[in-house]
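Here is how the chains run, residue by residue.
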Amino acid sequence: MAKKSMIERDKKRRRLVEKFAAQRDELKKQISDRETPMEDRVKASLKLAKLPRDSSPTRLHNRCQLTGRSHGYYRKIKVSRIALRELGSAGQIPGLVKSSW
């Protein structure tokens, strides 16, 4: 189980990314548009820099939905390898056959 603080920090970042996504996209369009004057593009880049750092999607980290573990994460089912093994042993994942020898 991951530390509660790390799980909560990741939740906070996800909320910020969702909150500022539209604003970030609009500013990035302005910056990359070659038709807009250079002065407006610089202003847009300064506005983008003033947004909270945690609102950037690159600061997100994949974590297990059950335990919060960040390593050994399976994207398709959004759980860690340890949680996957436990769920597979319990027969809760359809189509998964856990073998042991």
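Look up: the structure comes first, before these words.
Residues numbered from 1 in each chain as written. Predicted model: local features only at pLDDT ≥ 70, side-chain atom pairs only at ≥ 80, totals over all residues. Heavy atoms only, no water.

### Side note on the overall build of the chain
Move 1: Looking only at helices and strands, one finds three helices and two strands in the chain.
Move 2: Counting only C-alpha atoms and orienting by the principal axes, one finds that the chain spans roughly 65 × 30 × 20 Å.
Move 3: Counting contacts in the chain only where the partners sit at least 6 residues apart, residues at least 24 apart contribute 41% of the total.
Move 4: Split by element, the accessible area of the chain, about 8200 Å² in all, is 52% carbon and sulfur.
Move 5: Looking at charge distribution, the chain has the averaged site of its 27 positive side-chain charges lying 11 Å from that of its 11 negative ones. (Helix = DSSP H or I, 4+ residues; strand = E, 2+ residues; numbered from the N terminus. Contact = heavy atoms within 4.5 Å. Areas by Shrake-Rupley, 256 points an atom, 1.4 Å probe, with all protein chains shown as cover. Lys, Arg positive; Asp, Glu negative; His and termini not counted. Charge placed at Lys NZ, Arg CZ, Asp CG, Glu CD.)

### Some details on the pattern of salt bridges
Pairing between side chains becomes possible if they bear opposite charge and their charged atoms approach one another.
Move 1: Within the structure shown, the criterion is met by five salt bridges.
Move 2: D10 is paired through a salt bridge with R14; the nearest N and O atoms lie 3.1 Å apart. One end of the pair is D10 and the other is R14, both in helix 1 (residues 4–32) and four residues apart, which spans about a single turn.
Move 3: Judged by its relative accessible area of 8%, D10 is buried.
Move 4: For R14, a relative accessible area of 35% translates into the label partly exposed.
Move 5: The partner of R13 in a salt bridge is D54, and the shortest N-O contact between them spans 3.2 Å. With R13 in helix 1 and D54 in the loop between helix 2 (38–50) and strand 1 (73–74), the pair connects residues that are 41 residues apart, well separated along the chain. (Salt bridge = Lys/Arg side-chain N within 4 Å of Asp/Glu carboxyl O. Buried < 20%, exposed > 50% of the residue type's maximum accessible area, 1.4 Å probe, protein only.)

### Section: the layout of surface pockets
Move 1: Its volume calculated, the largest pocket comes out at about 210 Å³.
Move 2: In terms of lining, the largest pocket is formed by I7, D10, K11, R14, R63, C64, Q65, T67, G68, Y73 and K78.
Move 3: For the lining of the largest pocket, the leading source of residues is helix 1, giving four residues.
Move 4: Tallied by class, the residues present in the lining of the largest pocket amount to three nonpolar, three polar and five charged. (1 Å grid on protein atoms, 1.4 Å probe; cavity = no way out; pocket = protein on both sides within 12 Å on 5 of 7 lines; lining within 4 Å. Points joined across faces, edges and corners; volume = space filled by probe spheres on them. Nonpolar A, V, L, I, M, F, W, Y, C, P; charged D, E, K, R; others polar.)

### Notes on the nonpolar core
Soluble globular proteins tend to bury their nonpolar side chains together.
Move 1: Core analysis: the biggest nonpolar cluster contains six residues, these being L16, F20, L27, A44, L48 and L51.
Move 2: Among the secondary structure elements, those contributing two or more residues to this core are helix 1 and helix 2.
Move 3: Those residues in contact with F20 that lie beyond four places of it in its chain are L51, P52 and S55.
Move 4: The next biggest cluster of nonpolar side chains, apart from the first, holds five residues, and it includes V79, A83, L84 and I93. (Core = buried A, V, L, I, M, F, W, Y, C linked by side-chain atoms within 4.5 Å.)

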